[in-house]
Amino acid sequence: MALLNVTSPHAHGPLSTASVMQLVLLATLPGIAALVWVFGAGVLINLAIAALVALASEAAILSLRGRQVTFHLKDYSALVTAVLLAIALPPYTPWWVVAIGASFAIVVAKQLYGGLGYNPFNPAMAAYVILLISLPVQMTQWGAPYSAQPMGIADALASNVLGRVDALTSATPLDALKLGVGDPSAIFGRLGGYGWEWVNAAFLIGGLFLLARGIFTWHAPISMLLALATMAFVFPHESQGRVDSMLFHLFSGASMFGAFFIITDPVSSATTPRGKVIFGAAIGVLIYAIRHWGNYPDAVAFAVMLLNLAAPFIDQYTQPRTYGHGGVR
Amino acid sequence: MNSRVFSIPGGVHPPENKRQSLQRPIEFAGIPEQLVIPLSMHIGVPAKPLVTIGDRVLKGQRIATCNGLVSAPLHAPTSGQVTAIEDRPIAHSSGLTAPCIVIDTDGSDTWCERIPMSDWASREPSDIIERIRQAGIAGMGGAGFPSAVKLATDKPIDTLVLNGVECEPYITADQIVMTERADQIMAGIAILQYLLKPQQVLLGIEDNKPEAIAALRAVAPTDVKIVVVPTKYPSGGEKQLIQLLTGREVPSGGLPADVGVICLNIATTIAIHRAIELGEPLISRITTLTGEAFAKPGNVEVLLGTPVTHLLAHGECHDNLVSRLIMGGPMMGFTLADRHVPIVKTSNCILAPTRAELPPPPPAQACIRCGICAEACPASLLPQQLYWFSRAGEHDKLQQHHLFDCIECGACSYSCPSNIPLVQYYRAAKAEIRQAEADARKAEHAKQRFEARQARLQRLEEEKAAQRAARAEAAKKRAEETAVVTAQAATSDPIQAAIERAKAKREGQTSIEANSSVDQVAKLEKRLTAAKIKLASAESAGSDKVPQLQEAVDKLSQQLAEAKANPDAAKAAAMADPVQAAIARAQAKRAGTAEPSNPTDEIAKLEKRLATAKEKLAMAVDSAPDKLAAFQAGVDKLEEKLAAAKAEAGVS
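Residues numbered from 1 in each chain as written. Chains lettered and ligands numbered in written order. Predicted model: local features only at pLDDT ≥ 70, side-chain atom pairs only at ≥ 80, totals over all residues.

K.L.:
Describe the overall build of chain A, with residues and values.
P.N.:
The number of helices and strands found in chain A is 15 helices and zero strands. For chain A, with 329 residues in total, the buried portion stands at 54%. Pairs at least 24 apart in sequence give 74% of the contacts found in chain A among residues at least 6 apart. (Helix = DSSP H or I, 4+ residues; strand = E, 2+ residues; numbered from the N terminus. Buried ≥ 20, exposed ≤ 12 C-beta atoms within 10 Å, placed from the backbone. Contact = placed C-beta atoms within 7 Å.)

K.L.:
How would you explain the overall build of chain B if you had to name every residue and give the values?
P.N.:
For chain B, the count of helices and strands is 20 helices and 17 strands. Expressed as a percentage of its 652 residues, the buried residues of chain B come to 43%. Taking contacts inside chain B between residues at least 6 apart in sequence as the whole, the part at least 24 apart equals 71%.

K.L.:
For helix α15 (residues 300–317) of chain A, give the residues involved together with the corresponding values.
P.N.:
Under the 1.5 Å per step criterion, the end-to-end length of α15 of chain A is 24 Å for 18 residues, consistent within 8% with the ideal 26 Å. Along α15 of chain A, the largest kink reaches about 45° and is centred on alanine 310 of chain A; proline proline 312 of chain A follows within four residues of it. Buried within α15 of chain A we find Val300, Ala301, Phe302, Ala303, Val304, Met305, Leu307, Asn308, Ala311, Ile314 and Asp315 of chain A. Elements that come into contact with the buried residues of α15 of chain A comprise α6 (123–134), α13 (255–262) and α14 (273–293) of chain A together with α10 (383–392) of chain B. (Expected span 1.5 Å × (residues − 1). Bend = angle between axes of the 7 residues up to and from the residue.)

K.L.:
Go over the pairing of strand β2 (residues 34–38) of chain B with me, naming the residues and quoting the values.
P.N.:
Residues and elements named next belong to chain B. The buried count for β2 comes to four of five residues, which makes it a mostly enclosed element. Here five bridges tie β2 to strand β8 (residues 97–105), and the two strands are oriented antiparallel to one another. Paired with glutamine 34 across the bridge in β8 is aspartate 104. (Pairing = 2+ DSSP bridges.)

K.L.:
Give me unusual backbone geometry: which residues, what numbers.
P.N.:
Put simply, serine 8 of chain A and proline 9 of chain A share a cis peptide bond, and its omega is -5°. Cis rather than trans, the peptide bond between tyrosine 233 of chain B and proline 234 of chain B has omega equal to 0°. Residue position: proline 234 of chain B is located in the loop between β11 (224–229) and α6 (238–246). The backbone phi angle of tyrosine 76 of chain A is positive, close to 65°, even though this residue is not glycine. Examined against the element boundaries, tyrosine 76 of chain A turns out to sit in the loop between α3 (69–73) and α4 (77–88).

K.L.:
Help me get a handle on the sheet that holds strand β6 (residues 74–75) of chain B, residues and values and all.
P.N.:
Sheet strands pair by backbone hydrogen bonding; their relative direction is either parallel or antiparallel. Residue and element names in this part refer to chain B. Spatial strand order, β3-β5-β6: three strands in an open sheet with antiparallel pairing. Edge positions in the sheet fall to β3 (48–49) and β6, since each of these pairs with one other strand and no more. Inspection of the sheet shows strand β5 (residues 62–65) paired to β6 by two bridges, in the antiparallel sense. Directly across from alanine 64, in β6, lies its bridge partner leucine 74.

K.L.:
Quick rundown of the nonpolar core? Include the residues and the values.
P.N.:
Ranked by internal contacts, the top residues of the largest apolar core, which has 243 residues, are Ala50 and Leu85 of chain A. Aside from chain neighbours lying at most four places away, what touches leucine 85 of chain A is Ala50, Gly101, Ala102, Ala105, Ala124, Ala127 and Tyr128 of chain A. Counting nine residues, the second largest nonpolar core, distinct from the first, contains Ala531, Leu535, Leu549 and Ala552 of chain B. (Core = buried A, V, L, I, M, F, W, Y, C linked by C-beta atoms within 7 Å.)

K.L.:
Just give me the short version of the environment of proline 281 of chain B, but keep the residues and values in it.
P.N.:
All names here are of chain B. Structurally, proline 281 can be placed in the loop between α7 (266–278) and β13 (284–290). Looking at proline 281, the number of C-beta atoms within 10 Å reads 28, which means it is buried. When the C-alpha atoms of proline 281 and glycine 410 are compared, they prove to be 34 Å apart, with 129 residues separating the residues in sequence. In this structure, proline 281 is in contact with Gly60, His75, Ala135, Gly136 and Ala275, ignoring residues within four places of it in sequence.

K.L.:
Could you give an account of the interface of chain B and chain A, naming the residues involved and the relevant values?
P.N.:
Opposite the 57 residues of chain B that make contact, chain A presents 36 residues. Only β16 (334–335), α9 (372–376), α10, α12 (411–415) and α13 (422–491) of chain B provide two or more residues apiece to the side of chain B that touches chain A. Class assignment for the residues of the side of chain B that touches chain A results in 31 nonpolar, 18 polar and eight charged. (Nonpolar A, V, L, I, M, F, W, Y, C, P; charged D, E, K, R; others polar.)

K.L.:
An account of helix α5 (residues 95–110) of chain A is requested, with residue identities and associated values reported.
P.N.:
Residues and elements named next belong to chain A. Here α5 contains 16 residues, and its C-alpha end-to-end distance of 21 Å stays within 8% of the 22 Å for a straight helix at 1.5 Å per residue. Largest kink in α5: about 30°, centred on phenylalanine 104. Looking only at α5, the buried set comprises Val97, Val98, Gly101, Ala102, Phe104, Ala105, Ile106, Ala109 and Lys110.

K.L.:
Could you give an account of the sheet that holds strand β4 (residues 56–57) of chain B, naming the residues involved and the relevant values?
P.N.:
All names here are of chain B. Taken in spatial order, the four strands of this open sheet run β2-β8-β7-β4, and their pairing is antiparallel. What marks the edges here is a single partner per strand, and that holds for β2 and β4. Bridge count between strand β7 (residues 80–89) and β8: nine bridges; the pairing is antiparallel. Along β8, the bridge assignment pairs isoleucine 85 with isoleucine 101.

K.L.:
Outline the pairing of β5 of chain B, supporting the account with residue identities and numerical values.
P.N.:
Each regular strand displays side chains that alternate between the two surfaces of the sheet. The pairing of β3 of chain B with β5 of chain B spans two bridges and is classified as antiparallel. When the bridges of β5 of chain B are listed, lysine 48 of chain B appears paired with threonine 65 of chain B.

K.L.:
Outline the confidence of the model for chain B, supporting the account with residue identities and numerical values.
P.N.:
Put simply, chain B has an average pLDDT of 86, and 89% of its residues get 70 or more. Predicted complex metrics record ipTM = 0.85 and pTM = 0.74. (pLDDT = per-residue confidence, 0-100.)

K.L.:
Account for the environment of glycine 139 of chain B, with residues named and values stated.
P.N.:
Residue and element names in this part refer to chain B. You can see glycine 139 is positioned in the loop between α1 (125–134) and α2 (147–151). Residues glycine 139 and threonine 288 lie 149 residues apart in sequence; the distance between their C-alpha atoms is 17 Å. In contact with glycine 139, not counting residues within four places along its chain, are Gly144, Phe145, Ser147, Asn265 and Thr268.

K.L.:
Any chance you could break down the packing of helix α3 (residues 173–180) of chain B against helix α5 (residues 210–219) of chain B for me, citing the residues and the numbers?
P.N.:
Residues and elements named next belong to chain B. Where α3 meets α5, the axes come as close as 7 Å, and the angle between the chain directions of the two elements is 40°. With respect to α5, the element α3 is oriented oblique. The crossing of α3 and α5 is left-handed. In this structure, α3 uses Gln175, Met178 and Thr179 to contact α5, whose residues at the interface are Glu211, Ala212, Ala215 and Leu216. Broken down by class, the residue content of the contact of α3 with α5 amounts to four nonpolar, two polar and one charged. (Axes fitted to C-alpha atoms, helices over the stretch in contact; angles between N-to-C directions. Parallel < 35°, antiparallel > 145°, perpendicular 65-115°, else oblique. Left-handed = near helix turned anticlockwise from the far one by under 90°.)

K.L.:
I'd like a rundown of the packing of helix α2 (residues 42–64) of chain A against α5 of chain A, residues and numbers included.
P.N.:
Residue and element names in this part refer to chain A. α5 packs onto α2 with a crossing angle of 35° between their chain directions and a minimal axis gap of 8 Å. Read as a crossing pair, α2 and α5 show a hand that is right-handed. Where α2 abuts α5, its residues Asn46, Ile49, Ala50, Val53, Ala54, Ser57, Glu58 and Ile61 lie against Trp95, Val98, Ala99, Ala102, Ser103, Ala105, Ile106 and Val107. By residue class, the composition of the contact of α2 with α5 is twelve nonpolar, three polar and one charged.

K.L.:
Kindly report on the environment of glycine 328 of chain B, identifying the contributing residues and their values.
P.N.:
Residues and elements named next belong to chain B. Turning to its location among the elements, glycine 328 is positioned in the loop between β15 (326–327) and β16. Residue classification places glycine 328 among the buried positions, given that 25 C-beta atoms sit within 10 Å. Separated by 20 residues in sequence, glycine 328 and asparagine 348 have C-alpha atoms that sit 5.9 Å apart. In this structure, glycine 328 is in contact with Gly333, Phe334, Asn348 and Cys349, ignoring residues within four places of it in sequence.

The following block contains the structure:
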């Protein structure tokens, strides 16, 4: 038998890109379940459409680029992008909005930059921002929490695909707080934003699972949450106490989802340990700044994209100290 | 009591797979029919052979000697006959061949005389180090650095670190040695303590080797601390172990001695013990035979130079099951292209895995910058950044990110979810940078040589220019002086001027000649010789000037004789009759003149002579009135000649 002549190491660890992506998908399940619980089944329709369009776009571009389609599809990265986008969109977004978003995320934000590993922006967030700016009406159709609870798959299909908007839409707690409208009991729940607190708690659980599995390090998510909480504590809304303000911002909007599923995207974030701390903290500060002083009710997507741009710069100046270079004896 | 264990960054936990080769005690692998001993089994200069083909050698006999300071000698691992000294394939990742001494063994295994240094405790450390050097001991943990060079450090050493970590999966050579031969390790450590006088001796061992820990603790003296470290790859890297045990970091590009540490593998300490206390050079080592293709995995004591095929047979390796043959472990070992390569001082393991055990590497996927590699890196590098820079060929960035501090442990490649062969990229990039630096040095050298040449040529050019300028200046000055003289001559009485010049000249002559009559004689002799030569050449050429020359020669001879007989008289005569002498000289000169090569030259010469003659005539007016007519006749004659020459050259 001919001897294989390869270089060391000969052993390989158990992780593969596909297994990393599968774990991320698994970790989104509690959050998705909470979204269904609070807002109805709409998110499931979003997920299906986004996944379909994303995979089809990925396959089309890969074949146009002359790459092995199945080999690359099997890395699950397109599916992860689709799932993250679908989760970020309002549950009762018209199907074509989801389709535009998913195809933009894959074709423009990912493949046109060179495909997996080369995209400077988080594809899901880039698509979200494009949709939010281009289609502000459709993108703010959040249902009132629990009002759509009886809404099943059939109703969701009718709403999202056939365009029959039966769901009651209302301002999100972040919106309501900013505009000072609505019944305070519909704004504040037990922990944070009414209804949203449970969605955030579910994403926190999923995120802690990934952290425990070593898919990402604590640096970016914890820094982001700490920075956000600190900002909320230092600059609370006039109607809130400082601690309430902290909890409200941590458990409203896309805080936990962003902290554990968006800013931990390895491709578009900083990679050095100190860099991740700076990256996360800056996003936390920006999220609060935009939420509190800006024009948009939520700000995760904007903050993440701004810091995506800064990531290579941050990496450049946060190189860890290499062994043997001026260490303490 | 356990000593403090510091933490090290990074690291991975690959499956240990140590159990397979620990099922049986150390066995002797036997004497193969032929041993192939590479001249270079260590880092440094290859050894120089001391034997020739046909020589009979005894076990332990030195067959090659150190070649320079960082080198190690070789010894015959058993008795036999040298049958070849030639290039053979060696254990090297590139499948190179290298010079080897080939010994056909005789099976008798007869030792040469062994001289133990049993009184080492009263010897000079330098004697002991020399013995270690002569025993050919090189680091047996992997790199093969000559131990004597390490021990001969002049830096202050406070800590001796013994490496019994053996973090590489599969390999158990050190582990079994620590279990079975702990006493020999301690014996070696005692010698090292005497040599280095360290304040502390720390033996690092991973916590996955409880039997070895127990065996070591049973025999360790109180001043040798057995430090149990957590199992993590690559804790056994020299730099990593030093950091684990002392918290110190070996500076980049430096040596452990720079931080007061010397680190040796435990197998090396046994080799030192044997060399000093038994007088046995390093001729064998313990090698692990493992991997699923071996039916009888285990550890063997193997003579250096034993072909790998011999060990495969010993371990009953199923040849058709082997997917790749690795010398070393699965993390840092290299594949062998040839099964016949010999075991060397650093060969700690032969790993023969099946395809299922170590499958071929899957195709690499895109780097997603997940940073898992950075978490695995024990040197706190950023492997993913190094990967991008390597691919882009950005050498500056690579250096800025400390590529050369990579120890190539493979932890990054091992953990990469995209199966990117990161270490291979770094090896290639390092080679490229080294090549580029060599090229740059060469180019710089060439540039310096070119610039030196240019400078030299320019200097020569400038010197020439300066000389030309000086000559031009001098010529100008002369021209001016002449002009002044002419002007003076034009304004005053020319004859008067001539008289003055002649006076000045004669006074000068007088003073010179007065200095030494010997000079006068020498001058006359010289002139006589010249005149004789002229005469001879005129005679041979059949010239009509012969009589005149003869006359001049006679005259000079006479003068010379007079000068010799009576220097003062000669001087007086010479002074008294300058005109005569001048005539004689002029005649001799004229007669000796070669045929003119061209009329213009001839005219110029005649003009010059005419000028001289006129001058002399002017002088004669005062100094020798009786010769005035003769001078006048000469001048007339020259004028005639000149006119003739001019007519001949067609110049009016």
